[in-house]
Amino acid sequence: TQLLEQSPQFLSIQEGENLTVYCNSSSVFSSLQWYRQEPGEGPVLLVTVVTGGEVKKLKRLTFQFGDARKDSSLHITAAQPGDTGLYLCAGALGNTPLVFGKGTRLSVIA
Amino acid sequence: DAMVIQNPRYQVTQFGKPVTLSCSQTLNHNVMYWYQQKSSQAPKLLFHYYDKDFNNEADTPDNFQSRRPNTSFCFLDIRSPGLGDAAMYLCATSTRRSFGGEQFFGPGTRLTVL
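Residues numbered from 1 in each chain as written. Chains lettered and ligands numbered in written order. Predicted model: local features only at pLDDT ≥ 70, side-chain atom pairs only at ≥ 80, totals over all residues. Heavy atoms only, no water.

*Asks:* Help me understand the overall build of chain A, please; the structure alone is not making it clear to me.
*Replies:* Along chain A, the regular secondary structure elements total zero helices and eleven strands. Helices and strands in chain A line up, N terminus first, as β-β-β-β-β-β-β-β-β-β-β. A compact globule built from 110 residues should have a C-alpha radius of gyration of about 13 Å, and chain A, at 13 Å, falls within 12% of that. The buried share of chain A, taken over its 110 residues, is 45%. Counted over contacts in chain A with a minimum sequence separation of 6, partners at least 24 positions apart contribute 54%. (Helix = DSSP H or I, 4+ residues; strand = E, 2+ residues; numbered from the N terminus. Rg over C-alpha atoms; globule rule 2.2 N^0.38 Å. Buried < 20%, exposed > 50% of the residue type's maximum accessible area, 1.4 Å probe, protein only. Contact = heavy atoms within 4.5 Å.)

*Asks:* Just checking my understanding: could you explain the sheet that holds strand 6 (residues 55–58) of chain A for this structure?
*Replies:* Backbone-to-backbone hydrogen bonds pair the strands of a sheet. The strands run either parallel or antiparallel. All names here are of chain A. One open sheet accounts for five strands, arranged 1-3-8-7-6; its pairing is antiparallel. Where the open sheet ends on each side, the last strands, each with one partner, are strand 1 (5–7) and strand 6. Strand-to-strand twist of the sheet, defined as the mean angle between neighbouring strand axes without regard to direction, takes the value 15°. Sheet topology note: the strand 1/strand 3 (residues 19–24) ladder contains three bridges and is antiparallel. (Pairing = 2+ DSSP bridges. Axes fitted to C-alpha atoms, helices over the stretch in contact; angles between N-to-C directions.)

*Asks:* I keep staring at the interface of chain A and chain B and nothing clicks. Help me out?
*Replies:* Accessible area lost during the coming together of the parts is what is often quoted as the interface size. Counting from both sides, the interface comprises 21 residues of chain A and, opposite them, 20 residues of chain B. Taken together, both faces of the contact between chain A and chain B bury some 1600 Å²; the carbon and sulfur share is 57%. Considering only the surface of chain A that becomes buried against chain B, A:Pro43, A:Pro97 and A:Phe100 emerge as the three largest contributors, covering 28% of it. A salt bridge links A:Glu41 to B:Arg9; the nearest nitrogen and oxygen atoms lie 3.5 Å apart. Across the chain A-chain B interface, the total number found is five residue pairs in polar contact (both at pLDDT 80 or more). When residues of the side of chain A that touches chain B are traced back to their parent elements, those giving at least two are strand 4 (31–37), strand 5 (44–49) and strand 9 (85–92) of chain A. Residues that form the side of chain A that touches chain B fall into these classes: nine nonpolar, nine polar and three charged. (Buried area = accessible area lost by both parts, 1.4 Å probe. Salt bridge = Lys/Arg side-chain N within 4 Å of Asp/Glu carboxyl O. Polar contact = N/O pair within 3.5 Å; in protein donor to acceptor, adjacent residues only side chain to side chain. Nonpolar A, V, L, I, M, F, W, Y, C, P; charged D, E, K, R; others polar.)

*Asks:* Looking at this structure, how should I read the sheet that holds strand 7 (residues 64–67) of chain B?
*Replies:* Residues and elements named next belong to chain B. Ordered in space as 1-3-8-7, the four strands form an open sheet in which the pairing is antiparallel. Of all the strands in the sheet, the pair left with one neighbour each is strand 1 (4–7) and strand 7. This sheet shows a mean twist of 20° between the axes of neighbouring strands, independent of strand direction. By the bridge criterion, six bridges tie strand 3 (residues 19–25) to strand 8 (residues 73–78) in an arrangement that is antiparallel.

*Asks:* Which parts of the structure should I look at to understand the packing of aromatic side chains?
*Replies:* We describe a pair of aromatic rings using the distance from one ring centre to the other and the angle between the two ring planes. Residue and element names in this part refer to chain B. What the rule picks out here adds up to eleven aromatic pairs over all chains. Ring geometry for Tyr49 and Phe54: centres 5.1 Å apart, planes at 55°, overall tilted. Residue Tyr49 is classed as buried on the basis of its relative accessible area, which comes to 8%. In this structure Phe54 comes out as partly exposed when scored by relative accessible area, which is 35%. (Phe/Tyr/Trp six-rings, centres within 6.5 Å; stacked < 30°, edge-to-face > 60°.)

*Asks:* Hey, could you run me through the state of the cysteines in this one?
*Replies:* Working definition: the covalent bond between the sulfur atoms of two cysteines is a disulfide. By the definition in use, this model includes two disulfides over all chains. A:Cys23 shares a disulfide with A:Cys89; S-S distance 2.0 Å. Where A:Cys23 bonds to A:Cys89 through sulfur, the torsion about that S-S bond is close to 75°, and the disulfide is right-handed. Pair noted here: A:Cys23 is in strand 3 and A:Cys89 is in strand 9, with a separation of 66 residues, a long-range link. The cysteine B:Cys74 is free of any disulfide, with B:Cys91 supplying the nearest cysteine sulfur at 5.9 Å. Accessibility expressed as a relative area gives 1% for B:Cys74, which makes it buried. (Disulfide = S-S within 2.5 Å.)

*Asks:* Mind showing me how you'd approach the nonpolar core here?
*Replies:* Most often, soluble globular proteins have nonpolar side chains that are buried together. A:Leu32, A:Trp34, A:Leu74 and A:Ile76 are the most contacted members of the largest nonpolar core, which has 22 residues in total. At the level of elements, strand 3, strand 4, strand 5, strand 7 (61–65), strand 8 (71–76), strand 9 and strand 11 (104–109) of chain A are the ones that each hand at least two residues to this core. A:Leu32 has contacts with A:Leu4, A:Cys23, A:Val47, A:Thr48, A:Val49, A:Phe65, A:Ser72, A:Cys89, A:Ala90 and A:Gly91, leaving out every residue within four places of it along the chain. Core analysis: the second largest hydrophobic core is formed by 18 residues, B:Ile78, B:Ala87, B:Tyr89 and B:Val113 among them. (Core = buried A, V, L, I, M, F, W, Y, C linked by side-chain atoms within 4.5 Å.)

*Asks:* Can you walk me through the pairing of strand 4 of chain A in this structure?
*Replies:* Every regular strand shows the same layout, with side chains that alternate between the two sheet faces. All names here are of chain A. Counted residue by residue, strand 4 has six buried out of seven residues, so it is predominantly covered. In terms of strand pairing, strand 4 meets strand 9 through seven bridges, oriented antiparallel. Its bridge partner being in strand 9, Tyr35 is matched across the sheet by Leu88. Linking strand 4 back to strand 5 in an antiparallel pair, the connection comprises six residues, with Gly40 at a positive phi of about 75°.

Here you go:
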C-alpha cells in the first residue's frame with residue numbers, strides 16, 4: 001500500500017501551459033516536502049510546507065498544503081523546458097524517515 | 001559549498017562480484033540514508049544511520065550492508081550483486097532536529113551489473 005499517492009504519474013505538455021500535480025494520503029503529516037529530480041541526478045528540495053492551508057510560491061511554482069495536512073498540490077504556471085523532471089512529494093510522520101510518493105514525471109516540450 | 005558527495009558516479013560490476021559505494025558529506029548532519037531508485041520509481045529506503053545507530057528497513061535484502069565509520073562517511077556494500085540490483089543508489093543526509101524532515105541528496109551512483 002502506497003502511503004502517498006501522486007497523480008498524474010506522467011505528464012507531457014507544451015511550453016507555456018499551466019499544470020497541477022497532486023500528492024494525496026489518508027495520513028496526517030507533520031510536514032511535506034516537494035523535490036525535483038533531473039535525469040542522472042539526485043532529488044533537490046524545492047519547498048517544505050508545515051502548516052495546514054499553507055501556500056508557498058517559488059517563482060512560477062505554487063505549493064499548497066491541504067487544511068488537514070493530508071494532501072498537497074504543485075502548480076506550475078507557464079511551464080518551460082527547464083521544468084522537465086521527476087517531481088516527488090515526501091511526507092514526515094513523526095520520528096520516522098520521510099515517506100516518498102512514486103513521483104510525477106513531467107516533460108515540457110518546446 | 002556544503003554538500004553530499006557520492007563516488008563513483010557510475011559503477012559497473014559483474015554478477016556476484018562485491019561492490020562498495022561511498023558517500024561523504026560536509027554538512028555535519030547526524031542522519032545519513034541510503035536509497036535505491038529504479039527507473040521512473042520513487043527512492044526506496046534501504047537503511048539509515050541516526051548518528052551511529054543503524055536502522056535497517058524490513059524489506060532490505062541481506063545482500064546489502066552498510067558502514068558509517070564517522071559522521072562524514074557512509075558506505076554501501078553489496079556482497080553479491082544480482083541483475084536486479086542494477087539501479088541508482090542515492091545517499092542523503094538530514095539534521096537531528098529535522099529527522100524525518102528535509103533531506104539533502106547526493107548526485108547518486110548508477111550501478112550496472114553485467
